[in-house]
Amino acid sequence: MHKAGWVHRDNSVGNILFHERDGKLVVKLSDLEYAKQYLRDDKGAHEMRTGTTDFMAAEVDVMSYQFFTTKKPKSSAMRANVFDFADRRGPSVSLPELNSIPEFRYNPMHDIESIWWVLNWF
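Note that the structure is a prediction, hence the values are computed from the model and not measured.

Peer 1: Where do I start with the overall build of the protein chain in this structure?
Peer 2: Tallying secondary structure elements over the protein chain gives four helices and four strands in all. Along the protein chain, from the amino end to the carboxyl end, the secondary structure elements read β-β-β-β-α-α-α-α. Expressed as a percentage of the 122 residues in the protein chain, the buried residues total 29%. Of the contacts formed within the protein chain by residues at least 6 apart in sequence, a portion of 64% connects residues at least 24 apart. Of the roughly 8500 Å² of accessible surface on the protein chain, 54% is carried by carbon and sulfur atoms.

Peer 1: Where do I start with the packing of aromatic side chains in this structure?
Peer 2: The relation between two aromatic rings is expressed through the spacing of the ring centres and the mutual angle of the planes. In the structure shown here, the tally under the stated rule is two aromatic pairs. Ring centres of F55 and W121 lie 5.2 Å apart, and the angle between their planes is 65 degrees; on these two criteria the pair is classed as edge-to-face. Residue F55 is found in the loop between strand 4 (36-37) and helix 1 (58-62), and its partner W121 is found in helix 4 (residues 108-121); the two are separated by 66 residues along the sequence. With relative accessibility at 52%, the residue W121 sits in the exposed group.

Peer 1: Honestly, the environment of I115 in this entry has me stumped. Any pointers?
Peer 2: If you trace the backbone, I115 turns up in helix 4. For the pair I115 and S12, spaced 103 residues apart in sequence, the C-alpha separation works out to 7.3 Å.

Peer 1: What should I look at first to understand the side chain of S12 in this one?
Peer 2: Within the secondary structure, S12 sits in the loop between strand 1 (6-7) and strand 2 (16-21). S12 gets classed as buried once you look at its relative accessible area, which sits at 5%. The residues contacting S12, other than those within four sequence positions of it, are T52, F55 and V118.

Peer 1: How should helix 4 be read in this particular structure?
Peer 2: Structural remark: α-helix, 3.6 residues per turn; residues separated by three or four positions point the same way. With 14 residues, helix 4 extends 20 Å between its outermost C-alpha atoms, agreeing within 8% with the 20 Å of an ideal straight helix rising 1.5 Å per residue. Listing the buried residues of helix 4 in full gives P108, H110, D111, S114 and V118. Here the buried residues of helix 4 occupy an arc of 155 degrees about the axis, which is enough to place them on one side. Structural note: helix 4 exposes M109 and L119 on the side pointing more than 90 degrees away from its buried face. By the N-cap criterion, in which a side-chain oxygen at the helix start approaches the backbone nitrogen of a residue two or three places on, helix 4 is capped by N107, the distance to M109 being 2.8 Å.

Peer 1: What's the story with the pairing of strand 3 (residues 24-29) in this structure? I'm lost.
Peer 2: In regular strands, side chains alternate between the two faces of the sheet. Taken together, the six bridges between strand 2 and strand 3 define a ladder with antiparallel strand orientation. Within strand 3, the position partnered with E20 by the bridge is L25. The hairpin formed by strand 2 and strand 3 contains two residues between the paired strands, and D22 there has a positive phi angle of roughly 55 degrees.

Peer 1: Is there a simple way to explain the environment of L25 in this structure?
Peer 2: Tracing the backbone through its elements, the reader meets L25 in strand 3. On the basis of relative accessibility, which here comes to 61%, the residue L25 falls in the exposed class. With sequence-adjacent residues up to four places away left out, L25 is seen in contact with F18 and H19.

Criteria and thresholds
Residues numbered from 1 in each chain as written. Predicted model: local features only at pLDDT ≥ 70, side-chain atom pairs only at ≥ 80, totals over all residues. Heavy atoms only, no water. Helix = DSSP H or I, 4+ residues; strand = E, 2+ residues; numbered from the N terminus. Buried < 20%, exposed > 50% of the residue type's maximum accessible area, 1.4 Å probe, protein only. Contact = heavy atoms within 4.5 Å. Areas by Shrake-Rupley, 256 points an atom, 1.4 Å probe, with all protein chains shown as cover. Phe/Tyr/Trp six-rings, centres within 6.5 Å; stacked < 30°, edge-to-face > 60°. Expected span 1.5 Å × (residues − 1). Arc of directions from axis to C-beta. Polar contact = N/O pair within 3.5 Å; in protein donor to acceptor, adjacent residues only side chain to side chain. Pairing = 2+ DSSP bridges.

Structure, rendered in structure tokens:
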């Protein structure tokens, strides 16, 4: 989902389905009503807090970046790594200035944190 440029925005124990097929565990995500394309200029910033509160990423809960740094990377190679995902999205994506905090947007790391909260639920 993330490789295709989408974020789920509502990972929770109720939205992750498990079943067995041919002796293998199959996991699927359901409830895609809040799914959204990531980093699309025409979509703007994340308009509202979405998701299931118990499994929500900390930054999404407060709707602001808590771990964003404005320090400049030491080299251009480091900057490329920091913004690698955005760079792969194409020329229509504008990267934030390193001395300012961009508008809050839900990103793939928020989905990953939500999955971490789900795993801790069990």
